[in-house]
Amino acid sequence: MTHLIQAARAAQQRAARAAATIGAAHPRTRLLLAAAAAAAIAAWETGHCVAELHTPRPHREFARRQQRRS
(Lines give C-alpha, C1' and ligand atoms only; values in the text may rest on other atoms or scores of the structure.)
Protein backbone atom coordinates (compact mmCIF):
# COMPACT_ATOMS: atom_id res chain seq x y z
CA MET A 1 0.00 0.00 0.00
CA THR A 2 2.89 2.38 0.54
CA HIS A 3 3.61 2.16 -3.16
CA LEU A 4 0.60 4.42 -3.78
CA ILE A 5 2.12 7.19 -1.65
CA GLN A 6 5.46 6.72 -3.39
CA ALA A 7 3.78 6.88 -6.80
CA ALA A 8 1.88 10.02 -5.85
CA ARG A 9 5.05 11.64 -4.50
CA ALA A 10 6.98 10.78 -7.67
CA ALA A 11 4.17 12.10 -9.89
CA GLN A 12 4.03 15.35 -7.93
CA GLN A 13 7.80 15.80 -8.19
CA ARG A 14 7.72 15.20 -11.95
CA ALA A 15 4.96 17.77 -12.32
CA ALA A 16 6.85 20.31 -10.19
CA ARG A 17 10.02 19.83 -12.24
CA ALA A 18 8.08 20.26 -15.47
CA ALA A 19 6.43 23.43 -14.16
CA ALA A 20 9.81 24.83 -13.20
CA THR A 21 11.42 24.07 -16.55
CA ILE A 22 8.71 24.51 -19.18
CA GLY A 23 6.10 26.54 -17.30
CA ALA A 24 2.81 25.81 -15.60
CA ALA A 25 0.70 26.57 -18.68
CA HIS A 26 2.46 24.03 -20.91
CA PRO A 27 0.22 21.09 -21.93
CA ARG A 28 2.78 18.55 -20.75
CA THR A 29 2.87 20.14 -17.30
CA ARG A 30 -0.91 20.10 -17.10
CA LEU A 31 -0.93 16.43 -18.04
CA LEU A 32 1.62 15.66 -15.33
CA LEU A 33 -0.39 17.66 -12.78
CA ALA A 34 -3.50 15.68 -13.68
CA ALA A 35 -1.55 12.43 -13.26
CA ALA A 36 -0.28 13.61 -9.87
CA ALA A 37 -3.82 14.44 -8.79
CA ALA A 38 -5.06 11.03 -9.91
CA ALA A 39 -2.26 9.31 -7.99
CA ALA A 40 -3.08 11.32 -4.86
CA ILE A 41 -6.76 10.43 -5.20
CA ALA A 42 -5.90 6.74 -5.53
CA ALA A 43 -3.79 6.93 -2.37
CA TRP A 44 -6.54 8.82 -0.52
CA GLU A 45 -9.22 6.33 -1.49
CA THR A 46 -7.21 3.44 -0.10
CA GLY A 47 -6.93 5.17 3.26
CA HIS A 48 -3.61 6.99 3.07
CA CYS A 49 -3.23 10.45 4.48
CA VAL A 50 -2.25 12.54 1.46
CA ALA A 51 -0.34 14.87 3.78
CA GLU A 52 2.25 12.06 3.89
CA LEU A 53 3.29 13.19 0.41
CA HIS A 54 5.00 16.21 1.90
CA THR A 55 6.69 15.47 5.16
CA PRO A 56 7.75 18.68 6.93
CA ARG A 57 11.42 19.53 6.82
CA PRO A 58 13.08 19.80 10.23
CA HIS A 59 14.45 23.29 9.76
CA ARG A 60 11.05 24.67 8.81
CA GLU A 61 9.38 23.03 11.78
CA PHE A 62 12.02 24.48 14.11
CA ALA A 63 11.48 27.96 12.66
CA ARG A 64 7.71 27.65 13.09
CA ARG A 65 8.10 26.62 16.71
CA GLN A 66 10.37 29.55 17.36
CA GLN A 67 7.90 31.98 15.79
CA ARG A 68 5.06 30.60 17.89
CA ARG A 69 7.04 31.09 21.08
CA SER A 70 7.77 34.73 20.27
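Structural data are supplied above this passage.
Every chain's residues receive numbers from 1 upward, in the order its sequence appears when written. Given that the model is predicted, a residue must reach a pLDDT of at least 70 before its local features are reported, and side-chain atom pairs must reach 80 or more before they are shown or counted; all residues, however, enter totals for whole chains, interfaces and linings. Hydrogens are left out, water is left out, and the side-chain values use all remaining heavy atoms of the structure.

1. Remarks on the environment of A8
Phase 1: In this description a helix means any DSSP run of H or I spanning at least four residues, a strand means any run of E spanning at least two, and both kinds are numbered starting from the N terminus. Looking at where A8 falls in the secondary structure, it is placed in helix α1 (residues 2-22).
Phase 2: The buried label applies to any residue whose accessible area, calculated with a 1.4 Å probe on protein chains only, is under 20% of its type's maximum; exposed applies above 50%, and partly exposed to all values in between. Residue class for A8 comes out buried when judged on its relative accessible area of 1%.
Phase 3: Through-space distance from the C-alpha of A8 to that of A37 is 7.8 Å; in sequence the pair is 29 residues apart.

2. Quick look at the environment of G23
Phase 1: Along the chain, the position of G23 falls in the loop between α1 and α2 (27-45).
Phase 2: Residues in contact with G23, not counting those within four places in the same chain, are A18 and T29. The contact rule is simple, with two residues in contact once any of their heavy atoms fall within 4.5 Å.

3. Looking at the side chain of T29
Phase 1: Within the secondary structure, T29 sits in helix α2.
Phase 2: For T29, a relative accessible area of 0% corresponds to the buried category.
Phase 3: For T29, the residues in contact, after removing those within four places along its chain, are A15, A18, A19, I22, G23 and A24.

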